[in-house]
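Here's the letter readout for the chains.
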Amino acid sequence: MTVRHGSRTWRWLLAGLACLAVVITGYRWYRIIATARQAEPHVRNLWALRDVSPSLWLSPSALSGIGTDVHETRHALEEVRRWAKPELALLGWLQWVPTLGADLAGVPLLLDAGVESAAMADSLVQAAQSVLAINNGRPIAVQDSGGNAATGPALEQARAQLEAALEHLDGLMGVLDRWKRLSPGKYVAPRLNPYLVQIEPAFPLARSALEGVATHPEVLDAALGLTGPRTYLLLLQNPWEMRPTGGFVSAAVEVQVAAAKVEIGPFLDSWYVDLYPELLPPPPASLYRAIWTGKINFLNVNWSPHFPTTADWAQRLYQIGRQVELDGVIALDPTLLELLLEAIGPVTVPDLQVSVSAQNLWEQMIAFHDSPLSLRDDASPGERLQRRKEFLPLIAGPLIGQFRAAVRDPARMIKIFQAIQRALDERHLLIASNDPVVAGWLNQAAWDGAVGIGDGDYLQVVDSNVGFNKTDFRVSRQVDYQVSLSNTGQATATLVITYHNHSQVPELLECVQELPTGGYSGDWVDGCYWDYLRVLVPAGSRLLQAEPEAWPPNTVWQQQNPGSDPGVSVGWEEPGRQVFGLMLLVPPGDKVAARFTYLLPPDVLASPTDYRLHFQKQSGTIAVAARVRLNLPEGATVTDTNSWFSEGQWVVETDLRTDLEFIAQLSGISLPANGIAARPTPTKLPVTPTNTPTATAGQALSPLPSPTRAFLLVTATPSPTPGATQPAPAATPAVPAGTPVNTRPVAPVVGSRSVTWSRIQIPASNTDGMVVQVGWQLVGPPDARRAEWEVAAYAAGHHQDSAYPGEVGNVVLSGHHNILGEVFRDLWALQPGDRIYLTDSSGQVHLYVTRQVLVLRQAGASAEERAVNLSYLQRRSEAILTLVTCWPYEGNSHRTFVVADYAGTVAGVTVP
């Protein structure tokens, strides 16, 4: 018998290789499983952030914890992808498998998507930490608004990290494109399909936002108030009484943003902003002619269609009237609310006892305007006027509640962001900032409401209702603009604007420009339409003819100047643009047209064969019908023979929902398919008001208190069930011997506190963490709403209505025990006599000594038991500290309460 040693050797070699492959594979999967287990608590923490208000993420301690969780999750995903590389490669080749092939091939792509998402989140958290580093780790609320030398480097570092996040977002978008190509026309993995379909619209928004913020990280600071509080003035505009930037300014609201928390002041009627009318400056000439006013007051602050100018005037006048310094101005009109309601759905307004939706918003506003809430029959005209403006304050609370609920729903948040972007693009939301970097960014995005400057032709039609009524609600408009080009390059423009007043007021005898005293239906909606019309055209345009040439009778100008007629004005009221202005009257039921014929300047054509028109809409208008016609010079031809061009005339019919640019390229250069191109980037204009408000010599302004602000989060004050028993206080333990303390009596602090605090230390439980302020929110169905306190992430949360250290009262702090930093993990183990130290921003250390520790049932507790639990959070007449968290570590069925007594301020010792 012959033995073949070679074949046996090969068998042993193959067996050895197989065993080695098994060992290597087993080790790799051991590493994969171990990595996944290590990442599990970090993933659980990130998942728990869904239930934490985003405003509580932006503290050094919270971001540090979030950053650790995100970084460890990213590392775990990268490790899994590295160790599972052979299996992932094999899955990528299995697309041919029937039914499951696309899903199997999609597994590597899902892992790639997870890695890119975690890397993007990691970069974003690092960017936020870089911005917060400007405060040197101190709470934002105590940061000097003047900033410090670290601002520049920190923002540069944030810029680099935001650019890295943008790269990872691009990588994520590329992965999902590859994912979709696995099965053309749909996503694979049906269970994931609904989520991917929901988030796909977010990518363009996220990319645009990241790109902008990466270029200008100061925008993030200004929007969230990271390095110091920002105060903005919000103008609420009513388009039923149209004014240049979107409508009559009905009310003004101060909004303060600090550390991503938003405080909103009371809605201040615009009639009552000017407390010192004698200090108001003279008005622009056009305003003086239109309504015969000797001052520019806050009611007419938005007379300029150039919103940066309006914002500048608003700040100056608000400073005169209210003595408040501002960081910018924001204007909005009801269409923004309509778009937001489309995104989030109807909201219930308890005070109105109605549900307000996008479909009935205007109807509800009309109903409220005609019959204000709780209006007495004997109310004075001034009271009636004031109460009509309460609609927006009443709807604001429920709307904000819906926003807070939407934070946990990505699909709704995407819709909200899309609605806001649409409002910005359609000029229903205008923003002006005093920060030059932010202002430049807003201008580049065309979100600052600036009058556009650029080459070529330009047109903006600006209506101002000066009839002291709301007739714009009944008025429709049609704009017809025609430009005729000659062989010599001369361009003649003819503009016709037709107004139709759909009001029906049969008993009205004549139209008089005056404040109505009643006598016709519609309560200021139906009536005569008095319009001061301005047309903004290229500088150097020469007016040939305007109709009507004379002002209509019964204007306030003519009432004060009998026999005088201002006629058609030609001026330079807006920077960089020529202005034609006239007064127009449209009686109820009539149609009236205004016509302007003018020569465009010789340089309006970029070249003999290139015509461009930037047609800018007036802010606040919805969709004005517009037709643009270009009459070509004799013998001119175009290569594009689409429907827009026929018989020597180029015609475009559209509506002005957004600014538009029309392009006609002649002599063989093709027209765009629809003749409409993307909106150009406007040029930033210098803002130089004609009249600068100043105080009269020798006359000082009396200091006025700022309006009281209320947190948006505050909608109700939690209170115990009536009749609940208050826990009996235990005996106060003695302060440990040898502890140097200041036992001076403490007193309640009245008014706003200038000193905040930021640290808690408990040596007995190894607790050392930051403290941030938290509020509450209403949760549950509309018929069973209850107040629920927020819980901070990676920090202890100070209940904003409780006392501060050193005050007479109950200082209440809450925190997590098993997620998001576990700041109060071992609170239950404290003993009477254990010391608790609270440090404020000045470095003062306040000592509290534990009185009692209780673990009380919450899950399944009776109403009486829950009331007792809640009573520990209420105000007290003694100086105590209450710490609260959940128990046990494996669940949340009980509540741990630690009650400690104030023992004074510690001096000359180092806190462990």
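Everything quoted here is computed from the prediction, not taken from an experiment.

*Asks:* Go over the overall build of the protein with me, naming the residues and quoting the values.
*Replies:* On a plain count of helices and strands, the protein comes out with 18 helices and 34 strands. For the protein, the residues scored as buried account for 50% of the 912 residues in total. Of the roughly 41,500 Å² that the protein leaves accessible, carbon and sulfur atoms contribute 57%.

*Asks:* For unusual backbone geometry, give the residues involved together with the corresponding values.
*Replies:* Between Glu-547 and Pro-548 the backbone carries a cis peptide bond, its omega angle lying at -5°. You can see Pro-548 is positioned in the loop between strand E13 (542-547) and helix H17 (556-560). Unlike most non-glycine residues, Asn-766 shows phi in positive territory, near 55°. Along the chain, the position of Asn-766 falls in the loop between strand E25 (757-762) and strand E26 (767-774).

*Asks:* Now, about the packing of helix H14 (residues 391-406) against helix H15 (residues 410-425): what can you tell me, with residues and values included?
*Replies:* Two quantities define a packed helix pair, namely the angle between the axes and the distance from one axis to the other. Between H14 and H15, the shortest axis-to-axis distance is 8 Å and the interhelical angle comes to 125°. Taken together, the axis directions place H14 and H15 in an arrangement best described as oblique. From H14, Gln-402, Phe-403, Ala-405 and Ala-406 reach across to H15, where they touch Arg-412, Met-413 and Ile-416. Residue classes in the contact of H14 with H15 are distributed as 5 nonpolar, 1 polar and 1 charged.

*Asks:* Account for the confidence of the model for the protein, naming residues and giving values.
*Replies:* In this model, the protein carries a mean pLDDT of 76, and residues with pLDDT of at least 70 account for 74%. Of the regions scoring below 50 in pLDDT, residues 137-149 engages in 22 contacts with residues more than four places distant in sequence or in other chains.

*Asks:* Tell me about H14, and name the residues and values.
*Replies:* Here H14 contains 16 residues, and its C-alpha end-to-end distance of 23 Å stays within 8% of the 22 Å for a straight helix at 1.5 Å per residue. Looking at H14, one finds that the buried residues are Phe-391, Leu-394, Ile-395, Ala-396, Pro-398, Leu-399, Ile-400, Gln-402, Arg-404 and Ala-406.

*Asks:* Outline the nonpolar core, supporting the account with residue identities and numerical values.
*Replies:* Ranked by internal contacts, the top residues of the largest apolar core, which has 44 residues, are Val-347 and Leu-361. Looking at this core element by element, the count peaks at 7 residues for helix H11 (residues 334-344). In this structure, Val-347 is in contact with Leu-341, Val-354, Ser-355, Val-356, Ile-395, Pro-398, Leu-399 and Gln-402, ignoring residues within four places of it in sequence.

*Asks:* Hey, could you go over the pairing of strand E34 (residues 894-906) for me, with residue numbers and the actual values?
*Replies:* Of all 13 residues making up E34, 11 are buried, and the element is well covered by its neighbours. Where strand E32 (residues 845-857) and E34 come together, 11 bridges link them in antiparallel fashion. If you follow His-846 over to E34, its bridge partner there is Thr-905. Both strand E33 (residues 879-887) and E34 contribute to a ladder of 8 bridges, which runs antiparallel. Looking across to E34, one finds that Thr-885 is bridged to Thr-896. In textbook terms, the turn of a hairpin is the stretch between consecutive antiparallel strands, and for E33 and E34 this stretch comprises 6 residues.

*Asks:* Would you mind going over a nonpolar patch on the surface in detail, with residue names and values included?
*Replies:* Taken together, the side chains of Trp-10, Leu-13, Leu-14, Leu-17, Leu-20 and Ile-24 define a hydrophobic patch exposed on the protein surface, amounting to about 620 Å² of accessible area. Relative to the elements of secondary structure, Leu-20 occurs in helix H1 (residues 5-48).

*Asks:* Which residues make up the state of the cysteines, and what values go with them?
*Replies:* Scanning the entire structure with this criterion turns up 1 disulfide. One disulfide bridge connects Cys-511 with Cys-528, the sulfur atoms lying 2.0 Å from each other. Taking the torsion about the sulfur-sulfur bond, which here is approximately -80°, the covalent link between Cys-511 and Cys-528 counts as left-handed. Taken together, the positions of Cys-511 in the loop between strand E11 (491-501) and strand E12 (529-538) and Cys-528 in the loop between E11 and E12 put the pair 17 residues apart, joining distant regions of the chain. Just as Cys-511 is buried, Cys-528 falls in that class too.

*Asks:* Let's hear about the packing of H11 against H14: which residues, and what values?
*Replies:* Across the interface, H11 lies against H14 with an axial gap of 11 Å and an inter-helix angle of 35°. Crossing geometry of H11 relative to H14 is assigned as left-handed. Packed against H11, whose contacting residues are Leu-337, Leu-340, Leu-341 and Ile-344, the element H14 presents Leu-392, Leu-399, Gln-402 and Phe-403 at the interface. When the residues that make up the contact of H11 with H14 are grouped by side-chain class, the tally is 7 nonpolar, 1 polar and no charged.

*Asks:* Let's hear about the packing of aromatic side chains: which residues, and what values?
*Replies:* In this structure the tally under the stated criterion is 14 aromatic pairs. Between Phe-298 and Tyr-318, the aromatic rings sit 6.2 Å apart at their centres with planes inclined by 55°, giving tilted as the arrangement. Separated by 20 residues along the polypeptide, Phe-298 in the loop between helix H9 (285-291) and helix H10 (307-322) and Tyr-318 in helix H10 bring together distant segments of the chain. Of the two residues, Phe-298 and Tyr-318, neither departs from the other in class, the shared state being buried. Between Tyr-532 and Trp-551, the aromatic rings sit 6.3 Å apart at their centres with planes inclined by 70°, giving edge-to-face as the arrangement. Taken as a pair, Tyr-532 in strand E12 and Trp-551 in the loop between E13 and H17 lie far apart in primary sequence, 19 residues in all. Judged by relative accessible area, which is 1%, Tyr-532 ranks as buried. An aromatic cluster is defined as three or more aromatic residues linked by ring pairs; in this entry it consists of Trp-240, Trp-362 and Phe-473. Directly above the ring of Tyr-458 sits Arg-577, whose terminal nitrogen or CZ lies 3.9 Å from the centroid. When the ring centre of Tyr-889 is taken as reference, the NZ or CZ atom of Arg-825 above it lies at 4.2 Å.

*Asks:* Can you tell me about the side chain of Arg-243, naming the residues and giving the values?
*Replies:* Mapped onto the elements of the fold, Arg-243 is located in the loop between strand E1 (230-238) and strand E2 (248-258). Here Arg-243 is buried and forms no salt bridge, its nearest opposite-charge partner Glu-241 lying at an N-O distance of 4.1 Å. Setting aside chain neighbours within four positions, we find Arg-243 in contact with Phe-248, Leu-299, Asn-300, Asn-302, Trp-303, Asp-463, Ser-464, Asn-465 and Gln-618.

*Asks:* Describe the pattern of salt bridges, listing the residues and the values that go with them.
*Replies:* Inspection of the entire model under this criterion finds 24 salt bridges. Between Arg-74 and Asp-122 there is a salt bridge, with the nearest N and O atoms lying 3.1 Å from each other. One end of the pair, Arg-74, is in helix H2 (residues 60-83); the other, Asp-122, is in helix H4 (residues 101-132), and 48 residues separate them in sequence. A salt bridge links Asp-659 to Arg-427, with the shortest nitrogen-to-oxygen separation between them at 2.5 Å. Here Asp-659, found in the loop between strand E20 (649-656) and strand E21 (660-665), pairs with Arg-427, found in the loop between H15 and strand E8 (429-433); they are 232 residues apart in sequence, far enough to count as distant. Judged by its relative accessible area of 4%, Arg-427 falls in the buried class. Among the charged side chains, a network of salt bridges with common partners joins Asp-480, Arg-627, Arg-629 and Glu-653.

*Asks:* Lay out the side chain of Gln-513 in plain terms, naming residues and giving numbers.
*Replies:* Locating Gln-513 in the fold gives a position in the loop between E11 and E12. A relative accessible area of 0% places Gln-513 in the buried class. Within the local environment of Gln-513, its side chain forms a polar contact with the backbone oxygen of Ala-290, the two atoms lying 2.9 Å apart. Once residues lying within four places of it in the same chain are set aside, the contact partners of Gln-513 are Ala-290, Ile-291, Val-466, Phe-468, Trp-530, Asn-554, Thr-555, Val-556, Gln-559 and Met-583.

So, how was this worked out
Residues numbered from 1 in each chain as written. Predicted model: local features only at pLDDT ≥ 70, side-chain atom pairs only at ≥ 80, totals over all residues. Heavy atoms only, no water. Helix = DSSP H or I, 4+ residues; strand = E, 2+ residues; numbered from the N terminus. Buried < 20%, exposed > 50% of the residue type's maximum accessible area, 1.4 Å probe, protein only. Areas by Shrake-Rupley, 256 points an atom, 1.4 Å probe, with all protein chains shown as cover. Axes fitted to C-alpha atoms, helices over the stretch in contact; angles between N-to-C directions. Parallel < 35°, antiparallel > 145°, perpendicular 65-115°, else oblique. Contact = heavy atoms within 4.5 Å. Nonpolar A, V, L, I, M, F, W, Y, C, P; charged D, E, K, R; others polar. pLDDT = per-residue confidence, 0-100. Expected span 1.5 Å × (residues − 1). Core = buried A, V, L, I, M, F, W, Y, C linked by side-chain atoms within 4.5 Å. Pairing = 2+ DSSP bridges. Patch = residues over 30% accessible without salt bridge, like charges linked within 9 Å, V, L, I, M, F, W, Y side chains within 5 Å. Salt bridge = Lys/Arg side-chain N within 4 Å of Asp/Glu carboxyl O. Disulfide = S-S within 2.5 Å. Left-handed = near helix turned anticlockwise from the far one by under 90°. Phe/Tyr/Trp six-rings, centres within 6.5 Å; stacked < 30°, edge-to-face > 60°. Lys NZ or Arg CZ within 6 Å of the ring centre and 35° of its normal. Lys, Arg positive; Asp, Glu negative; His and termini not counted. Polar contact = N/O pair within 3.5 Å; in protein donor to acceptor, adjacent residues only side chain to side chain.

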